[in-house]
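# Observations on the model geometry
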Amino acid sequence: MYGDDGQVTSFAAFARDGSTQTQLEQRLRRAGACQKALFESVSEGILVLDTTGTVSECNRTVLASFGMEREELLGRPGVSLCAELSGWEQWERDHQPKLVPGGAACHIELRMRRIDGSTFMARVGASRILIDEGEAGVVWVVRDVTDELLRVEQLEYLATHDDLTGLPNRLLFHDRLERARVHGRRYGSGFSVLLMDLDGFKEVNDTHGHEIGDRLLSALGTRLRGSLRAADTVSRLGGDEFAVLLPNPMPTAQVIEVAGKLLTAMERPFVVAGRQLHVSASIGVALFPEHEGHRHDLLSRADQAM
């Protein structure tokens, strides 16, 4: 305040402790630095899609997955990263609408495309987040699972196929046979089962050894497969026993014609390791629904017919 003579007689001062504000700012900077380090160091790729589905942020891992530089990926439409348009459409239709900020993540497998045109399978975990001014974007956590899926496929193949001939094994044959029975009962359609035993195969093993016998079986499986339609199943049940499933209905005379074709194919000489080998076979046929019963009954009837 000022007196009559213009001199200051009193004054008011306001002081604020800046240490608390400074500490808060330091904490925020440390938290931001920690989040950035975590964002860049995680083993999964991370993409942030804005409200238009455009990539607005990414980390180093996802850049490596797509083979891109940061400038190439930022601003790119998310749909352009999908190798199949149907995958993106499924994401937009079935998954994206269910996401809410702070809610549970959803998971989807998508085939993605790298910058060089090659593709990989990705398992994507998606979450909704709030961006600036309340706009909601989406975070994709992307993991390349191509090798994992390949290993699963290989294990499934080994479990359902004969390791010598590559033909479906007994397990897969019975599965397809049961499916044919269910379909036949539902739609009133028929199918056929053929059972084959090789004649003279024991002599090949005894004379030339098991290695030559195995190679003969492998060549035989290839020849049988080439004598049938893609829809038919030829299986090695074990030893020198093979089975064929003809899943489509056909007259009995045509089934017998197929059996004759298989016999003719097997009776042609095989050349294995420079040796000319000869085998023949016996074939029995069972028809559905004429010989209807449990799935094993059809094989039993075919065995009796053989």
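Refer to the structure printed above.
A separate point is the overall build of the protein. Along its length, the protein carries 10 helices and 11 strands. Burial analysis of the protein (306 residues in total) assigns 38% to the buried set. Of the contacts made within the protein by residues no fewer than 6 positions apart, 53% connect residues no fewer than 24 positions apart. As displayed, the protein offers around 17900 Å² of accessible surface, 51% of which is attributable to carbon and sulfur atoms.

The strand order across the open sheet formed by 5 strands is β2-β1-β5-β4-β3, and the pairing between neighbours is antiparallel. Single-partner strands in this sheet number two, and they are β2 (55-58) and β3 (106-113). If you compare each strand with its neighbour and ignore which way they point, the axes differ by 30° on average. Where strand β1 (residues 45-49) lies against strand β5 (residues 136-144), 5 bridges are found, and the strand directions are antiparallel. When the bridges of β5 are listed, Ile 46 appears paired with Val 141. In the packing of helix α4 (residues 85-95) onto the sheet, the strands contacted are β1, β3, β4 (119-130) and β5, and the crossing angle to β3 comes to about 160°.

What follows deals with the packing of aromatic side chains. Per the stated rule, a full pass over the model turns up 4 aromatic pairs. Measuring from centroid to centroid gives 5.3 Å for Trp 91 and Trp 140, while their planes differ by 85°, and the two rings are edge-to-face. Here Trp 91 is found in helix α4, whereas its partner Trp 140 is found in strand β5, with 49 residues between them in sequence. Side by side, Trp 91 and Trp 140 carry an identical accessibility label, which is buried. Considering the side-chain rings of Phe 191 and Phe 288, the 4.7 Å spacing of their centres and the 15° angle between planes classify their relative orientation as stacked. In this pair, Phe 191 sits in strand β6 (residues 191-199) while Phe 288 sits in strand β11 (residues 280-288), placing the two residues 97 residues apart along the sequence. Each of the two residues, Phe 191 as well as Phe 288, counts as buried. Members of the aromatic cluster, connected to one another through ring pairs, are Trp 88, Trp 91 and Trp 140. The positively charged end of Arg 223 is found above the aromatic ring belonging to Phe 270, 3.7 Å away from the centroid.

Below, the discussion takes up unusual backbone geometry. Each neighbour pair has its own omega, and for Phe 288 with Pro 289 the value is 15°, a cis peptide bond. Phi angles above zero are rare outside glycine, and Ala 273 is one such case at about 50°. Of note, Ala 273 is situated in the loop between β9 (270-272) and β10 (275-277). You can call Ala 273 partly exposed: its relative accessible area is 40%.

Once that is clear, we can look at helix α6 (residues 170-187). Along its 18 residues, α6 runs 26 Å from first to last C-alpha, staying within 8% of the 26 Å computed at 1.5 Å per residue. For α6, the set of buried residues is Leu 172, Phe 173, His 174, Leu 177, Ala 180, Arg 181 and Gly 184. You can read the cap of α6 off the contacts: a side-chain oxygen lies 3.2 Å from the backbone nitrogen of Leu 171, and it is on Asn 169. In the stretch just after α6, Gly 188 is the one whose phi turns positive, near 65°.

What counts and how
Counting restarts for each chain, with residues numbered from 1 along the sequence as it is written. Given that the model is predicted, a residue must reach a pLDDT of at least 70 before its local features are reported, and side-chain atom pairs must reach 80 or more before they are shown or counted; all residues, however, enter totals for whole chains, interfaces and linings. Side-chain measures here rest on the full set of heavy atoms in the structure, leaving out hydrogens and waters. Only runs of H or I of at least four residues qualify as helices and only runs of E of at least two qualify as strands under DSSP, and these elements are numbered from the N terminus. Exposure is judged per residue with a 1.4 Å probe applied to protein chains only, and the accessible area is read against the type maximum: over 50% gives exposed, under 20% gives buried, and values in between give partly exposed. Throughout, a residue-residue contact means that at least one pair of heavy atoms, one from each residue, lies within 4.5 Å. Per-residue accessibility takes into account occlusion by the displayed protein chains alone, with areas from the Shrake-Rupley method and a 1.4 Å probe. Two strands qualify as a pair provided DSSP detects at least 2 bridges between them. Note on geometry: axes are lines fitted to C-alpha atoms, helical ones only across the stretch in contact, with angles between N-to-C directions running from 0 to 180 degrees. Only the six-membered ring of Trp is used, alongside the rings of Phe and Tyr, when aromatic pairs are assigned; centres must lie within 6.5 Å, and planes under 30 degrees apart are stacked while those over 60 apart are edge-to-face, with the rest tilted. Here, a charge over a ring is recorded when the distance from Lys NZ or Arg CZ to the ring centre is within 6 Å and its angle to the ring normal is within 35 degrees. Expected helix span is taken as 1.5 Å per residue step, with the number of steps being one fewer than the number of residues. What qualifies as a polar contact is a pair of N or O atoms within 3.5 Å, subject to a donor-acceptor requirement within protein and to the restriction that residues adjacent in sequence count only when both atoms come from side chains.

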